[in-house]
Amino acid sequence: MIADPGDFGNAICDGMPGNGCETDLGTSLAHCGACGSPCALPNGSESCVAGSCTLGICDPNFGNCDGTAGNGCETNITTTTAHCGGCNNDCGTLIPNANVACTAGSCELVSCLPGWVDLDGKPQNGCECSPQGVDLPDDTFAD
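Residues numbered from 1 in each chain as written. Predicted model: local features only at pLDDT ≥ 70, side-chain atom pairs only at ≥ 80, totals over all residues. Heavy atoms only, no water.

1. Considering the overall build of the protein
Threshold: Put simply, DSSP H or I for four residues or longer makes a helix, DSSP E for two residues or longer makes a strand, and each gets a number counted from the N terminus. Any residue under 20% of the maximum accessible area for its type is buried, any over 50% is exposed, and the rest in between are partly exposed; the area is computed with a 1.4 Å probe on protein chains only. Residues count as neighbours in contact if any of their non-hydrogen atoms are within 4.5 Å of one another. The accessible surface values rely on the Shrake-Rupley method and a 1.4 Å probe; as for residues, cover is taken only from the protein chains in view.
Each helix and strand in the protein was counted, giving one helix and nine strands. Reading the protein from its N terminus to its C terminus gives the helix and strand order β-β-β-β-β-β-β-α-β-β. Residues counted as buried form 22% of the 143 residues belonging to the protein. Expressed as a percentage of contacts within the protein between residues at least 6 apart in sequence, the contacts between residues at least 24 apart total 14%. Counting every atom, the protein has about 8,300 Å² of accessible surface; 56% of that belongs to carbon and sulfur.

Shown next, in the form of structure tokens:
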């Protein structure tokens, strides 16, 4: 890189001094902040602002669930059980006492954990009954 001291932020990134400092390092996606430093974040839109790569919006079905812009939109929210359908939408919390899956962005009960039963047949509330030991009825006497 050859920088022009009179034109701060621009550089010769193409290796041809004859055409001057052709690259604006403050806005170039191919040379963001320095020659040869591309701004290419996975699964999202990015821009180069003041020489720093910034993350815009995520592509459909992806999220920036770790909150780190530098690795882009790293999470597939259609298949990740901890971020199913959206960041921090945890199937394991939503469907208790069960082995779960995330399919097309929706949580699914796969099977009950050992010692648990889906007594009411409603997968959305998980495996709500543990018949081991004394099973006292709940407030609605449902189990």
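Having seen the model, we can carry on.
2. Overview of the confidence of the model for the protein
Here is the rule: pLDDT expresses how confident the predictor is about each individual residue, on a scale running from 0 to 100.
The pLDDT averaged across the protein works out to 89; a share of 88% of its residues lies at or above 70. Note that residues 1-7 has pLDDT below 50 and, in this model, 12 contacts with residues that lie over four places away or in other chains.

3. Considerations on the side chain of S28
How we decide: Counting of polar contacts relies on pairs of N or O atoms within 3.5 Å, with two restrictions inside protein: one atom must be capable of donating a hydrogen and the other of accepting it, and residues adjacent in sequence are counted only when both atoms are side-chain atoms.
With respect to the helices and strands, S28 occurs in the loop between β3 (23-24) and β4 (44-49). The buried category is assigned to S28, whose relative accessible area is 16%. From its side chain, S28 meets the backbone nitrogen of A30 in a polar contact 3.3 Å long. Not counting residues within four places of it along the chain, the set of residues in contact with S28 comprises T23 and C48.

4. Some remarks on the side chain of T75
Residue position: T75 is located in strand β7 (residues 75-76). Polar contacts involving the side chain of T75 include one to the side chain of E74, which spans 2.8 Å. The contact partners of T75, leaving out residues within four places of it in the chain, are N61, F62, G63, C65, T80 and H83.

5. A word on the state of the cysteines
Rule in force here: In this description, the term disulfide denotes a pair of cysteine sulfurs within 2.5 Å.
In the structure shown here, the tally under the stated rule is eight disulfides. Covalently, C13 is tied to C35 through a disulfide, its sulfur atoms 1.9 Å apart. When the S-S torsion is -80°, as for the bridge of C13 with C35, the disulfide is left-handed. Remark: C35 occurs in the loop between β3 and β4 and C13 occurs in the loop between β2 (10-12) and β3; sequence separation between them is 22 residues. For C35, a relative accessible area of 25% corresponds to the partly exposed category. A sulfur-sulfur distance of 2.0 Å marks the disulfide that ties C112 to C127.

6. Points about the pairing of strand β8 (residues 98-103)
Two faces belong to every sheet, and in a regular strand the side chains alternate between them. We count it as follows: When DSSP finds two or more bridges between a pair of strands, those strands are recorded as paired.
Where β8 meets strand β9 (residues 106-112), six bridges bridge the pair, whose relative direction is antiparallel. Across the sheet, the residue bridging to T103 is S106, located in β9. Two successive antiparallel strands, β8 and β9, enclose a turn made up of two residues, where A104 displays a positive phi of approximately 55°.

7. Brief notes about unusual backbone geometry
If you check the backbone angles, N97 has positive phi at about 60° while not being a glycine. When you line up the elements, N97 lands in the loop between α1 (91-94) and β8. In the Ramachandran plot, A104 falls in the positive-phi region, its phi being about 55° despite a non-glycine side chain. One can find A104 in the loop between β8 and β9.

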